[in-house]
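Fold and contact review
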Amino acid sequence: MSSVIPRLVVAAPSSGAGKTTVATGLIAALAARGLKVSPHKVGPDYIDPGYHALAAGRPGRNLDAWMSGPERIAPLFAHGAAGADVAVVEGVMGLYDGAAGRGELASTAQVAKLLRAPVVLVVDASSQSRSVAALVHGFASWDPEVRLAGVILNKVASDRHETLLREALEEGSGVPVLGAVRRAGAVDTPSRHLGLVPAVERSAEALRAVREMGELVARSVDLDAVLALARTAPPLTDRPWDAAAEVEPVAGPRPRIALAGGAAFSFSYAENAELLAAAGAEVVPFDPLHDERLPERTAALVIGGGFPEVYVAELSANAALRKAVAELAASGAPVVGECAGLLYLGRELDGLPMCGVLDANARMTPRLTLGYREAVALADSPLAAAGSRVRGHEFHRTATDPAAGPSPAWGWRTPAGPHTEGHLHGSVHASYLHLHWTGAPALPSRLVRHAATWAAGQPG
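Overview of the structure. These figures come from a predicted structure and were not determined experimentally.

Details of the overall build of the chain
What the chain contains, in helices and strands, is 16 helices and 22 strands. For 460 residues, the compact-globule estimate of 2.2 N^0.38 gives 23 Å, and the C-alpha radius of gyration of the chain, at 23 Å, lies within 12% of that figure. In terms of overall dimensions, the chain has C-alpha extents of about 75 × 50 × 45 Å along its principal axes. Buried residues in the chain amount to 58% of all 460 residues. Here the contacts in the chain between residues at least 6 apart in sequence split such that 75% fall between residues at least 24 apart. For the chain, the accessible area works out to roughly 18200 Å², and carbon and sulfur atoms hold 52% of it. When the 41 basic and 46 acidic side-chain charges of the chain are each reduced to a single mean position, those positions are 2 Å apart.

Structure (structure tokens):
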């Protein structure tokens, strides 16, 4: 089978060039034309897809070849882009930057090749003119399999500056200029210790920022040329990813799995919830900032990533929910905490009481822990069987004391030697490691089975 999905990849020579503003603005501007736009993000980042989702009105989905595997990138894209008129894929870091020491793996260039998609390069044009042609020529010629088909100039100072840039590119690169965004037109997108402030935290402000990005791109970029370029992408022959084909659903009643969300726990991959549902679970969202009890008949709990340190006072003040979480964990129901969830399940975060499920305290630190990890499960848990191998990523400025419990969740090798991380405690699995379960569908299947078993043993 094949599907025709007009698509393009928005890349840059490096981080900080303006990819997110341009990509989000393109999504918003195309959606304002009445098009159904499918937004995607290369890499593990949760925050940019939140802005993409606001712009498109549909989930922003990640394409991470490290965590999901290169073979799943095109199927995942086809799944997420079903029914769309056009898809915009925002890259990560520089065009050719990927997993450290792994060549092109997980790079924007690799994803563009897997999708057979044309690439638009966003170039920070400040402090240069004719040199821009050499830069673009180098990126266009580095890998002949990457089709660098257009340039959007960003942070352009004036009409004269734009003319010089366009003349240089016309003369020396052979890559057409699709637009020029003025420096004065930069959209204010607040950031903090881990990057942009998530869209879910900003509500009206985020909607305004996305609208302004769309207006900026609409007046600065030739949208007709962008659409024409996207339509040059050839048909995809990959069958769309199907969660139901990855798991075997449990027999009997559907166990209810509560999934934390809201401003404090906004980091999640849409496919993770889809896999839980396909495995037979009823997935019910709740917000630990506002809900004082877990959803009725909760048989398992998943608390993903986010920024609990920003909302630590509010989370601590919700004592009723903290008690409910602790009681559920003590009952033997499966509980999975991932990064922010780990912090919430501990005794304290920055000195304020959390759920007290784990014998660990957490605090903010000045050190950023960041990178892909290849890990192995060190013991059986409701999430992973001992010996299971996964690929995930860490991204945090907090630390727990101790860093690993008496029974650690994961182990991996570092240049300094073996490293253990996370906590296994009864039916609780908590760790800093973020996982995209498409790369390890046995995990959600196992979690749902454990939830069903626990639910079947409850009275009534």
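Thoughts on the pairing of strand β1 (residues 7-11)
Remember that side chains alternate between the two faces of the sheet whenever the strand is regular. Across the 5 residues that make up β1, a large majority, 5, are buried. Here β1 shows a buried face lined by Arg-7, Val-9 and Ala-11 and a second buried face lined by Leu-8 and Val-10. The sheet contact formed by β1 and strand β4 (residues 86-90) spans 4 bridges and is parallel. Looking at the pairing, Val-10 lines up with Glu-90 of β4. Bridge count for β1 against strand β5 (residues 119-124) is 3 bridges, and the pairing is parallel. In the strand pairing of β5, Ala-11 is matched with Leu-121.

As for unusual backbone geometry
Put simply, Asp-401 and Pro-402 share a cis peptide bond, and its omega is 5°. Examined against the element boundaries, Pro-402 turns out to sit in the loop between β17 (389-401) and β18 (410-414). In this model, Lys-155 sits at a positive phi of 60°, which is unusual for a non-glycine residue. Mapped onto the secondary structure, Lys-155 falls in strand β6 (residues 148-156). On the basis of relative accessible area, Lys-155 is assigned to the partly exposed category, the value being 29%.

Quick word on the packing of aromatic side chains
One pass over the structure, following the stated rule, counts 7 aromatic pairs. Taken together, a centroid distance of 5.9 Å and an interplanar angle of 20° make the contact between Tyr-96 and Phe-139 stacked. Placement of Tyr-96 in the loop between β4 and α5 (108-115) and of Phe-139 in helix α6 (residues 131-142) is noted, with a sequence separation of 43 residues between them. Here the aromatic rings of Tyr-96 and Trp-142 are separated by 6.3 Å at their centres, their planes lie at 50°, and the arrangement is tilted. Remark: Trp-142 occurs in helix α6 and Tyr-96 occurs in the loop between β4 and α5; sequence separation between them is 46 residues. Residue classification places Trp-142 among the exposed residues on the basis of a relative accessible area of 64%. Grouped by ring-pair contacts, the aromatic residues Tyr-46, Phe-267, Tyr-269 and Phe-307 constitute a single cluster. The residue whose ring lies beneath Arg-391 is Trp-66, and the NZ or CZ to ring-centre distance is 3.9 Å.

Topic: the side chain of Glu-90
Structurally, the position occupied by Glu-90 is in strand β4. Among the polar contacts made by the side chain of Glu-90, one reaches the side chain of Thr-20 at a distance of 2.6 Å. Within the local environment of Glu-90, its side chain forms a polar contact with the side chain of Lys-41, the two groups lying 3.2 Å apart. Sequence-distant contacts of Glu-90, defined by excluding residues within four places in its chain, comprise Val-10, Lys-19, Thr-20, Ala-23, His-40, Lys-41, Val-42, Asp-48 and His-52.

Quick word on the sheet that holds β4
Sheet architecture is open: 7 strands sit in the order β3-β2-β4-β1-β5-β6-β7, paired in parallel fashion. Two strands lie at the open edges of the sheet, namely β3 (61-63) and β7 (177-182), each paired on one side alone. For this sheet the average axis-to-axis angle between neighbouring strands, irrespective of direction, equals 25°. Of the pairings in the sheet, the one linking β5 to β6 comprises 6 bridges and is parallel in character. Paired with Val-122 across the strands is Ile-152, a residue of β6. Contacting β1, β2 (37-42), β3, β4 and β5, α5 runs over the sheet at an angle of about 170° to β1.

Notes on the sheet that holds strand β10 (residues 256-260)
Strand order across the open sheet formed by 6 strands is β11-β10-β12-β13-β21-β20, with mixed pairing between neighbours. With partners counted over all chains shown, the strands left at the sheet margins are β11 (282-286) and β20 (423-425), one partner each. With direction set aside, neighbouring strand axes in the sheet form an average angle of 15°. Taken together, the 5 bridges between β10 and β11 define a ladder with parallel strand orientation. When the bridges of β11 are listed, Ile-257 appears paired with Val-283. Across the sheet, helix α16 (residues 442-456) is in contact with β10, β12 (298-303) and β13 (335-338); its angle to β12 comes to roughly 145°.

Rules used in this analysis
- Residues numbered from 1 in each chain as written.
- Predicted model: local features only at pLDDT ≥ 70, side-chain atom pairs only at ≥ 80, totals over all residues.
- Heavy atoms only, no water.
- Helix = DSSP H or I, 4+ residues; strand = E, 2+ residues; numbered from the N terminus.
- Rg over C-alpha atoms; globule rule 2.2 N^0.38 Å.
- Buried < 20%, exposed > 50% of the residue type's maximum accessible area, 1.4 Å probe, protein only.
- Contact = heavy atoms within 4.5 Å.
- Areas by Shrake-Rupley, 256 points an atom, 1.4 Å probe, with all protein chains shown as cover.
- Lys, Arg positive; Asp, Glu negative; His and termini not counted.
- Charge placed at Lys NZ, Arg CZ, Asp CG, Glu CD.
- Pairing = 2+ DSSP bridges.
- Phe/Tyr/Trp six-rings, centres within 6.5 Å; stacked < 30°, edge-to-face > 60°.
- Lys NZ or Arg CZ within 6 Å of the ring centre and 35° of its normal.
- Polar contact = N/O pair within 3.5 Å; in protein donor to acceptor, adjacent residues only side chain to side chain.
- Axes fitted to C-alpha atoms, helices over the stretch in contact; angles between N-to-C directions.

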